[in-house]
Amino acid sequence: MIKIKTRASLTGLLALVITTSPAIAQQGQPQQLETITLNAGMHNIRAEVALSPEQRATGLMYRREMAAHEGMLFVFEQPAPQCFWMKNTLLPLSIAFLADDGTVVNIADMKPQTLDSHCSDKPVRYALEMNQGWFAKRGIQAGAKLKGPVFNSVR
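Residues numbered from 1 in each chain as written. Predicted model: local features only at pLDDT ≥ 70, side-chain atom pairs only at ≥ 80, totals over all residues. Heavy atoms only, no water.

> For this particular structure, what's the right way to read the sheet that holds strand β6 (residues 104-110)?
Backbone hydrogen bonds are what pair the strands of a sheet, in a parallel or an antiparallel way. The six strands lie next to each other as β1-β2-β3-β8-β5-β6, forming an open sheet whose pairing is mixed. Bordering the open sheet on either side are β1 (35-40) and β6, each of which pairs with just one other strand. Going from strand to strand, the sheet's axes swing by 30 degrees on average, the running direction of each strand aside. As paired strands, strand β5 (residues 93-98) and strand β8 (residues 124-131) are joined by six bridges and run antiparallel to one another. If you follow Leu 98 over to β8, its bridge partner there is Tyr 126. (Pairing = 2+ DSSP bridges. Helix = DSSP H or I, 4+ residues; strand = E, 2+ residues; numbered from the N terminus. Axes fitted to C-alpha atoms, helices over the stretch in contact; angles between N-to-C directions.)

See the structure below:
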């Protein structure tokens with residue numbers, strides 16, 4: 001498990017992953033990435049962290065199952081409009097696009113193995129994929145705030 005104390009640590013982690021990580025998942029095999037814990041109110045999320053362009057491109061492809069409290073956090077270098085699709089992704093997913101402070105900008109449900117584009121409503125640095133319906137079942141919607149070591153927040 002990765003413990004990130006500061007934003008500088010996240011930057012260092014990004015450099016480490018890009019320079020030292022082994023080859024990304026072999027074709028047809030899911031990747032396994034380092035994890036962090038995020039919180040959505042009283043709900044803990046074990047999120048694999050996709051930092052490099054290769055890790056983000058592979059995402060949750062080829063997974064046949066994922067535990068209810070697990071997901072994948074996509075981290076981008078700077079805020080920008082982000083769009084996702086589901087080619088080679090076998091699980092139905094929901095994606096939350098997140099502002100730098102962890103605030104949910106918008107959420108979209110995504111169908112497996114489609115090329116439909118699902119985009120953030122405004123520029124973001126983070127996107128969190130969970131099993132489809134996870135956010136709705138917990139009443140999490142735009143404006144809700146997630147907490148975790150990667151988000152800027154006033155303490």
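> Just to check I follow, could you spell out the state of the cysteines for this structure?
As used here, a disulfide is simply a covalent bond connecting the sulfur atoms of two cysteines. As enumerated under the stated definition, the model contains one disulfide in all. A disulfide bridge connects Cys 83 with Cys 119, and the sulfur atoms are separated by 2.0 Å. The disulfide joining Cys 83 to Cys 119 has a torsion of about 110 degrees about its S-S bond and is therefore right-handed. Taken as a pair, Cys 83 in strand β4 (residues 83-84) and Cys 119 in strand β7 (residues 118-119) lie far apart in primary sequence, 36 residues in all. Take Cys 83: its relative accessible area is 43%, and that puts it in the partly exposed class. A relative accessible area of 33% places Cys 119 in the partly exposed class. (Disulfide = S-S within 2.5 Å. Buried < 20%, exposed > 50% of the residue type's maximum accessible area, 1.4 Å probe, protein only.)

> I keep staring at the nonpolar core and nothing clicks. Help me out?
For soluble globular proteins, the rule of thumb is that nonpolar side chains tend to be buried together. Leu 38, Ile 45, Leu 73, Leu 98, Leu 128 and Leu 146 are the most contacted members of the largest nonpolar core, which has 21 residues in total. Of all the secondary-structure elements, those providing two or more residues to this core are β1, β2 (43-50), β3 (70-80), β5, β8 and α3 (134-137). What Leu 128 contacts, discounting residues up to four positions off in sequence, is Leu 38, Ile 45, Ala 47, Met 72, Leu 73, Ser 94, Ile 95, Ala 96, Leu 98, Phe 135 and Leu 146. Counting residues in hydrophobic clusters, the runner-up holds 19 residues, among them Leu 33, Met 72, Val 124 and Ala 127. (Core = buried A, V, L, I, M, F, W, Y, C linked by side-chain atoms within 4.5 Å. Contact = heavy atoms within 4.5 Å.)

> How do you make sense of the layout of surface pockets when you look at a structure like this?
Rolling a probe over the atoms, with the probe sized like a water molecule, indicates the empty space that remains. Of the voids in this model, the second largest pocket is the one considered here, and its volume is about 210 Å³. As for the second largest pocket, its lining consists of 16 residues, and the residues nearest its centre are Arg 56, Ala 57, Phe 74, Phe 84 and Trp 85. Those elements giving two or more residues to the lining of the second largest pocket turn out to be α2 (53-58), β3 and β4. Among the elements that take part in the lining of the second largest pocket, α2 stands out by supplying three residues, more than any other. Across the lining of the second largest pocket, the residue classes tally to ten nonpolar, three polar and three charged. (1 Å grid on protein atoms, 1.4 Å probe; cavity = no way out; pocket = protein on both sides within 12 Å on 5 of 7 lines; lining within 4 Å. Points joined across faces, edges and corners; volume = space filled by probe spheres on them. Nonpolar A, V, L, I, M, F, W, Y, C, P; charged D, E, K, R; others polar.)

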